[in-house]
Amino acid sequence: MESSSDNTDVVTMIDLLNDEKELSDQAYAVFAGSDEKNCNGFKQRQALYSCLTCASDVKEDSSKAIGICLACSLNCHDKHELVELYTKRNFHCDCGMKDGSVTCHLDPTKTKNGAHGNSNNKYNQNFSGIYCKCKRPYPDPESSSSDEMIQCVICEDWFHSLHLELAGQIPPAAESYSEMICEECMKQNDFLYDYSEFTVTATNDPSSDADTNASKEQAATKPSTSSNTEKKEDDESFDKSVVTKRMKLSDDICHRPKNKENTKSSLTHGSAAFWKGPWREKLCKCEKCLKIYESLNISFLTDMRDTTHFYEEKAKEKEQPASAMSSMEAALSSLPRVQQIDAISSYNNMKEKLFEFLQTFVVNNQIVQEEDIHRFFRNMTESKDNQLPGTPQHFCR
Ligand SMILES: [Zn+2]
Ligand SMILES: [Zn+2]
Ligand SMILES: [Zn+2]
Ligand SMILES: [Zn+2]
Ligand SMILES: [Zn+2]
Ligand SMILES: [Zn+2]
């Protein structure tokens with residue numbers, strides 16, 4: 001322990017709270033896009049939970065699942081066993097609308113027989129707490145390895161990066177891509193291989209690694225500008241899209257890339273794909289292609305508001321009222337820890353550890369030095385890397 005007699009570098013509680021705020025902001029981004037007080041029924045994207053207490057047979061048949069919104073998880077399914085599903089698209093809260101569910105306290109107009117539009121909800125194994133091709137829970141009590149999980153933007157299931165079909169390639173660095181599509185979804189939507197020039201493949205080229213690291217910070221908030229070359233490319237294609245729009249008035253020309261020989265990235269047929277920046281903007285929107293997307297039920301790909309990136313950015317824009325944090329904390333602490341989102345677990349973990357840490361100074365009658373705090377957060381970061389597979393950035397960009 002360093003000397004406590006100096007009066008330099010004494011850390012105030014404000015500093016501590018600011019440090020803590022960074023972590024709480026991460027947790028806030030997941031929930032702020034969703035309403036914690038009102039059940040809004042259908043949302044293009046919302047935080048979602050699966051209630052295992054109400055839907056006890058979900059493990060045998062995922063269509064029996066009961067997916068509920070954040071507000072209903074707190075108000076109608078309090079103390080029930082819930083699976084956290086992060087966010088899902090185009091879902092109507094099932095609370096009070098399916099066999100087994102409790103009555104919805106927040107929206108009593110929702111009934112089991114009412115025509116309120118939860119019939120288009122899609123359910124997968126995640127609703128019973130099972131993920132990936134290996135069909136394991138998360139976190140996996142029987143696995144000590146910390147392979148990160150990545151969400152496929154089409155089926156919305158989560159995959160261990162090592163369980164994806166990558167045709168011998170290693171998974172690319174999380175900062176280098178914005179979205180992933182698993183091999184099954186790629187095969188079902190075969191035309192996507194024509195767009196492989198907008199995917200990234202991991203290489204052992206050290207210069208590309210350096211580039212990736214340098215732009216890491218930037219990529220976390222703005223995946224579209226992860227490198228200068230890419231930005232230039234975007235500018236060019238932006239100009240092209242203006243031209244495209246003008247041409248569209250007179251002629252509906254298809255811009256789906258056809259000649260695979262010319263593509264910069266070689267994506268092996270049958271493998272999963274990691275997509276660069278705002279790749280969805282590159283998808284052709286001619287009449288014929290739009291019809292293809294519709295027939296494959298993937299029209300959401302052409303809507304940028306569908307992305308988790310958009311959801312989180314929108315959440316960050318919202319002003320954080322002083323009371324929001326405390327009510328969110330209450331919300332978090334009332335949730336069963338069935339499947340913990342990393343940001344939240346590290347946030348709660350950090351708070352607990354911080355109090356323990358500060359307690360040692362009180363007991364020993366010492367002043368907290370700045371170095372002590374740095375050491376605390378350094379230790380937190382190290383233990384976080386060891387314990388937790390991935391961060392929300394890996395999941396959602
Ligand atoms: Zn609801
Ligand atoms: Zn329930
Ligand atoms: Zn409800
Ligand atoms: Zn797996
Ligand atoms: Zn998929
Ligand atoms: Zn087209």
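Residues numbered from 1 in each chain as written. Chains lettered and ligands numbered in written order. Predicted model: local features only at pLDDT ≥ 70, side-chain atom pairs only at ≥ 80, totals over all residues.

**Observations regarding the overall build of the protein chain**
Helix and strand counts for the protein chain stand at 12 helices and 8 strands. Classification of the 397 residues of the protein chain by burial places 31% in the buried group. A sequence separation of at least 24 residues applies to 76% of the contacts in the protein chain between residues at least 6 apart. (Helix = DSSP H or I, 4+ residues; strand = E, 2+ residues; numbered from the N terminus. Buried ≥ 20, exposed ≤ 12 C-beta atoms within 10 Å, placed from the backbone. Contact = placed C-beta atoms within 7 Å.)

**Some words on the nonpolar core**
In this structure, Cys-39, Cys-51, Ile-68, Cys-69, Cys-72 and Cys-95 are the most contacted members of the largest nonpolar core, which totals 28 residues. Of all the elements in the fold, those that place two or more residues in this core are β1 (42-51), β2 (67-69), α2 (70-75) and β3 (82-92). Sequence-distant contacts of Cys-69, that is, excluding residues within four places in its chain, are made with Ser-34, Cys-39, Asn-40, Gln-46, Leu-48 and Cys-93. Val-153, Trp-158, Ala-273 and Trp-275 belong to the second-largest nonpolar core, a separate cluster that totals 27 residues. (Core = buried A, V, L, I, M, F, W, Y, C linked by C-beta atoms within 7 Å.)

**Thoughts on the sheet that holds β1**
Here we have 3 strands laid out as an open sheet, ordered β2-β1-β3, and antiparallel in their pairing. Of all the strands in the sheet, just β2 and β3 have a single pairing partner and so form its edges. Sheet twist, expressed as the mean angle between neighbouring strand axes with direction ignored, is 45°. Two strands pair when backbone bridges link them, and β1 and β3 are joined in this way by 8 bridges, in the antiparallel orientation. When the sheet's bridge partners are listed, Ser-50 is paired in β3 with Val-83. (Pairing = 2+ DSSP bridges. Axes fitted to C-alpha atoms, helices over the stretch in contact; angles between N-to-C directions.)

**Examining helix α8 (residues 308-317)**
Every α-helix winds through 3.6 residues per turn, so residues three or four apart in the chain are directed the same way. Where α8 is concerned, the buried positions are Thr-308, Tyr-311 and Glu-312. An end-on view of α8 places all buried positions within 90° of arc, on one side of the element. (Arc of directions from axis to C-beta.)

**Let's talk about the sheet that holds strand β7 (residues 199-200)**
Strand order in the open sheet formed by 3 strands is β6-β8-β7, with antiparallel pairing between adjacent strands. The strands lining the two open edges of the sheet, one partner per strand, are β6 (179-181) and β7. In terms of strand pairing, β6 meets strand β8 (residues 273-275) through 3 bridges, oriented antiparallel. Along β8, the bridge assignment pairs Ile-181 with Ala-273.

**With respect to the environment of Ser-73**
Mapped onto the fold, Ser-73 is located in helix α2. Judged by the 26 C-beta atoms lying within 10 Å of it, Ser-73 is buried. Between the C-alpha atoms of Ser-73 and Cys-51, which are 22 residues apart in sequence, the distance is 8.2 Å. Excluding anything up to four places from it in sequence, Ser-73 contacts Tyr-49, Ile-68 and Leu-82.

**Things to note about unusual backbone geometry**
Between Tyr-138 and Pro-139 the backbone carries a cis peptide bond, its omega angle lying at -10°. By the secondary structure assignment, Pro-139 is in the loop between β3 and β4 (149-151). Residues other than glycine seldom take positive phi values, yet Cys-132 does so here, at roughly 70°. Secondary-structure assignment places Cys-132 in the loop between β3 and β4. For Cys-132, a count of 23 C-beta atoms within 10 Å gives the class buried. Although it is not a glycine, Asn-297 adopts a positive phi angle of roughly 60°. For Asn-297, the position within the fold is in the loop between α7 (287-295) and α8. On the basis of neighbour count, Asn-297 is assigned to the exposed category, with 11 C-beta atoms found within 10 Å.

**Things to note about α7**
Sparse coverage of α7 is indicated by the burial of 0 of its 9 residues. Looking at the residues trailing α7, positive phi occurs at Asn-297, about 60°.

**Comments concerning the pairing of β1**
In terms of burial, β1 is a largely internal element, 8 of the 10 residues being buried. Where β1 lies against β2, 3 bridges are found, and the strand directions are antiparallel. Its bridge partner lying in β2, Ser-50 is registered against Gly-67.

**Here's the deal with the confidence of the model for the protein chain**
Chain-level statistics for the protein chain give a pLDDT mean of 74 and a share of 60% at 70 or above. pLDDT under 50 marks residues 1-9. Its contacts with residues more than four places away, or in other chains, come to 7 contacts. Predicted confidence for residues 204-250 stays below pLDDT 50, and this span has 31 contacts to residues more than four positions away or in other chains. (pLDDT = per-residue confidence, 0-100.)

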